[in-house]
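# Structure assessment
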Amino acid sequence: MNLKYEFYIDAEPDKVWNLLVTPEGTKKTFFNTVLQSSFKVGEPFAYVGPGNDGDETVHVYGDILAYEPRKVLSYLEHPGPSYRANHQEHTSRVTFTLDTVGKCTKLTLVNDEWTESHPSFQNAESSWWMILSNIKTVAETGNTLDFGW
């Protein structure tokens, strides 16, 4: 099971990168969550925001696998504890890659290495389109998409 998405964004890599890693950026583009991390390989990360457990719900967590500013962010992730009792058993790898193409930034997302029968695969398949579309829109216009929630 692999998910792969490629988006071409009319914005500088720095702008796109900041939407992927800064608290302000992820709050706008990742369903109102903040990415908490030192971004050191092997250290933990978490996307935290409003949800089942209040304002500090851990939606996704895991460990940083690769971090090269304005180029690559990769992590091994688990669904948050409030979503699955056996959350620690389920993992997948997420890798964001940025490349410059002309005056555009190519954002590639690969979500692979899913554990067998991972319960979040189907949700991720649809949610990544929303997140990536939002990143593109915010980078190009400064406005977030209104998903009606």
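Scroll up to find the structure.
Residues numbered from 1 in each chain as written. Predicted model: local features only at pLDDT ≥ 70, side-chain atom pairs only at ≥ 80, totals over all residues. Heavy atoms only, no water.

## A short note on the environment of Thr 108
Convention followed: Only runs of H or I of at least four residues qualify as helices and only runs of E of at least two qualify as strands under DSSP, and these elements are numbered from the N terminus. The buried label goes to any residue with under 20% of its type's maximum accessible area, the exposed label to any with over 50%, and the partly exposed label to all in between, with areas taken from a 1.4 Å probe on protein chains only. Note on contacts: a residue pair is in contact if any heavy atoms of the two residues lie within 4.5 Å.
Position of Thr 108 relative to the elements: it lies in strand E7 (residues 104–112). For Thr 108, a relative accessible area of 10% translates into the label buried. Spatially, the C-alpha atom of Thr 108 lies 22 Å from that of Gln 36, the residues being 72 residues apart in sequence. The contact partners of Thr 108, leaving out residues within four places of it in the chain, are Lys 4, Tyr 5, Glu 6, Thr 95, Phe 96 and Thr 97.

## Brief notes about the nonpolar core
Our working rule: Only buried Ala, Val, Leu, Ile, Met, Phe, Trp, Tyr and Cys residues count toward a nonpolar core, and they belong to the same one when joined by side-chain atoms within 4.5 Å.
Core analysis: the biggest nonpolar cluster contains 32 residues, and Phe 96, Trp 128 and Ile 135 have the highest contact counts within it. Looking at this core, the elements with two or more residues in it are strand E1 (3–9), helix H1 (13–21), strand E3 (44–51), strand E5 (72–79), strand E6 (92–101), E7 and helix H3 (121–141). Among the elements that line this core, the one with the most residues is H3, at eight residues. Those residues in contact with Ile 135 that sit more than four places away from it in its chain are Ile 9, Val 16, Leu 19, Leu 20, Thr 29, Phe 30 and Leu 107.

## Let's talk about the packing of H1 against H3
Applicable threshold: Note on geometry: axes are C-alpha line fits, over the in-contact stretch for helices, and angles between N-to-C directions span 0 to 180 degrees. Roughly parallel refers to an angle under 35 degrees, roughly antiparallel to one over 145, roughly perpendicular to one between 65 and 115, and oblique to any angle outside these ranges. It is the rotation of the near helix from the far one that decides the hand of a crossing: anticlockwise by less than a right angle makes it left-handed, clockwise makes it right-handed.
Direction vectors running N to C along H1 and H3 enclose 130°, while the axes themselves pass 10 Å from each other. Classified by the interaxial angle, the pair formed by H1 and H3 is oblique. Of the two elements, H1 crosses H3, and the hand of that crossing is right-handed. Note on element contacts: H3 touches H1 through Ile 135, Val 138 and Ala 139, opposite Lys 15, Val 16, Leu 19 and Leu 20.

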